[in-house]
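The residues making up each chain are set out below.
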Amino acid sequence: MDSTHSPTGNPRERAGIESEPEAAAEIFGARIDLARRFADHLATTGVEWGLLGPRELPRLWSRHILNCAVMAELLEDTDVVGDIGSGAGLPGIPLAIARPKTRLVLVEAMERRVEWLQMVAADLQLENVRIVRARVEELVDAEIFTVATARAVKSLPVLIEWCTPVLGPDGRLLAIKGQSYETEIKKAAKHIKRYRLSPPKVHTLGAESLEIPTTVLELRRR
Ligand SMILES: C[S@@+](CC[C@H](N)C(=O)[O-])C[C@H]1O[C@@H](n2cnc3c(N)ncnc32)[C@H](O)[C@@H]1O
């Protein structure tokens, strides 16, 4: 028997790391090996360096890598995406793997996390990724993105305040949100008006491939 498919022989399974779901190969296509390398980084140095909690390992693919990668369908090759508060490269790195022509700028405030991102991006040889150590509020006039992505960074009003100034005309904020997204939208009503953004569009992504689909709020500059 192939030891990689045996529940007792596979070291990843023994360590409680989620096995790669079938959907991963569909989502990443020919670049699935890069996604696997990213998963290995998250499960090893990612945990050791404190970027990912060990309790996340049993849902490493479904709740982290794939949950982020499904956002790729909202991007264009010509986009320049700022992943704000990228942390462990989520959603930025899965998006860079799934969309090799789209440019991704991973914006992260903490030095240690930036070091980890640089190590991983170099190992994966992701030519479409650039890493910037900064608080996003410091990037006004220094960076312009067509899209800003964010997951688990701040509430929607704060994201609007931080991200709108680094978006070009017609630029979009794509925020991954949980079940309470409707409450967040209500709380952000004044910000949406003040920053002249379109009413949020709610995308439910990965409904066929993920147990828990990803909810993304899209707000466009007008
Ligand atoms: C909870 S983590 C989420 C990381 C990642 N997006 C994810 O989904 O796993 C939030 C990250 O945002 C970063 N961060 C917080 N405020 C920031 C700011 N103003 N500019 C850039 N990064 C920031 C933190 O250092 C941290 O790495």
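Residues numbered from 1 in each chain as written. Predicted model: local features only at pLDDT ≥ 70, side-chain atom pairs only at ≥ 80, totals over all residues. Heavy atoms only, no water.

Examining the site of the ligand
Note the threshold: A cutoff of 4 Å decides nearness: a residue is near a molecule or strand if any of its heavy atoms lies inside that distance of it. We call two N or O atoms a polar contact when they sit within 3.5 Å, provided that within protein one can donate a hydrogen and the other can accept it, with sequence-adjacent residues counted only if both atoms are side-chain atoms. For this scheme, ten residues count as nonpolar: Ala, Val, Leu, Ile, Met, Phe, Trp, Tyr, Cys and Pro. Four count as charged, namely Asp, Glu, Lys and Arg, and the remainder, Gly too, count as polar.
By nearness alone, 15 residues border the ligand, and L90, E108, R113, E137 and R151 come closest of all. Measuring from a nitrogen atom of the ligand, one finds a backbone N or O atom of G85 at 2.8 Å. Backbone polar atom of L90 to a nitrogen atom of the ligand: 2.7 Å apart, as the coordinates give it. Across the shell around the ligand, the residue classes break down as seven nonpolar, three polar and five charged.

Some words on the UniProt feature "binding site: S-adenosyl-L-methionine" (unreviewed entry) in the protein
So the rule is basically this: UniProt positions are given in the numbering used here, feature names are shortened, and annotations may be inferred rather than shown by experiment. Going along the chain from the N terminus, every DSSP run of H or I of four or more residues is numbered as a helix, and every run of E of two or more is numbered as a strand. The criterion used for residue contact is that any of the two residues' heavy atoms lie within 4.5 Å.
Per the UniProt entry, the sites bearing "binding site: S-adenosyl-L-methionine" (unreviewed entry) are G85, L90, V136, E137 and R151 in this numbering. Position of L90 relative to the elements: it lies in the loop between β1 (80-84) and α5 (92-98). Apart from residues lying up to four places away in sequence, L90 is in contact with F38, H64, C68, D83 and R151. Of note, R151 is situated in strand β4 (residues 145-151).

Observations regarding the nonpolar core
Applied cut-off: Residues belong to one nonpolar core when they are buried, are Ala, Val, Leu, Ile, Met, Phe, Trp, Tyr or Cys, and are joined through side-chain atoms within 4.5 Å. Relative accessibility thresholds used throughout: buried, under 20% of the residue-type maximum; exposed, over 50%; partly exposed, between the two (1.4 Å probe, protein chains only).
Counting residues in hydrophobic clusters, the biggest one holds 49 residues, and the most contacted among them are F28, F38, L60, W61 and I93. Listing elements by their share of this core, those giving two or more residues are α2 (22-28), α3 (32-48), α4 (60-69), α5, β2 (103-108), α6 (111-124), β3 (129-133) and β5 (167-177). Considering every element that reaches this core, the biggest residue donor is α3, with seven residues. Look past the residues within four positions of L60 in its chain and what remains in contact with it is I17, E18, A39, L42, A43, L52 and I65. Grouped together as the second largest cluster of nonpolar side chains are 26 residues, V107, W162, L197 and L219 included.

Regarding the pattern of salt bridges
The test is simple: One speaks of a salt bridge when a side-chain nitrogen belonging to Lys or Arg is within 4 Å of a carboxyl oxygen belonging to Asp or Glu.
Overall, the coordinates contain 14 salt bridges when judged by the stated rule. For R36, the salt bridge goes to D33, with nearest N and O atoms at 3.0 Å. Of this pair, R36 and D33 both sit in helix α3, three residues apart, roughly one helical turn. On the basis of relative accessibility, which here comes to 34%, the residue R36 falls in the partly exposed class. The closest approach of N and O atoms between R130 and E143, which form a salt bridge, is 2.9 Å. Of the two residues, R130 sits in strand β3 while E143 sits in the loop between β3 and β4, which places them 13 residues apart along the sequence. R130 sits in the partly exposed class, given a relative accessible area of 40%. With a relative accessible area of 13%, E143 lands in the buried category. Where salt bridges share partners, they join D79, D170, R172, E218 and R220 into one cluster.

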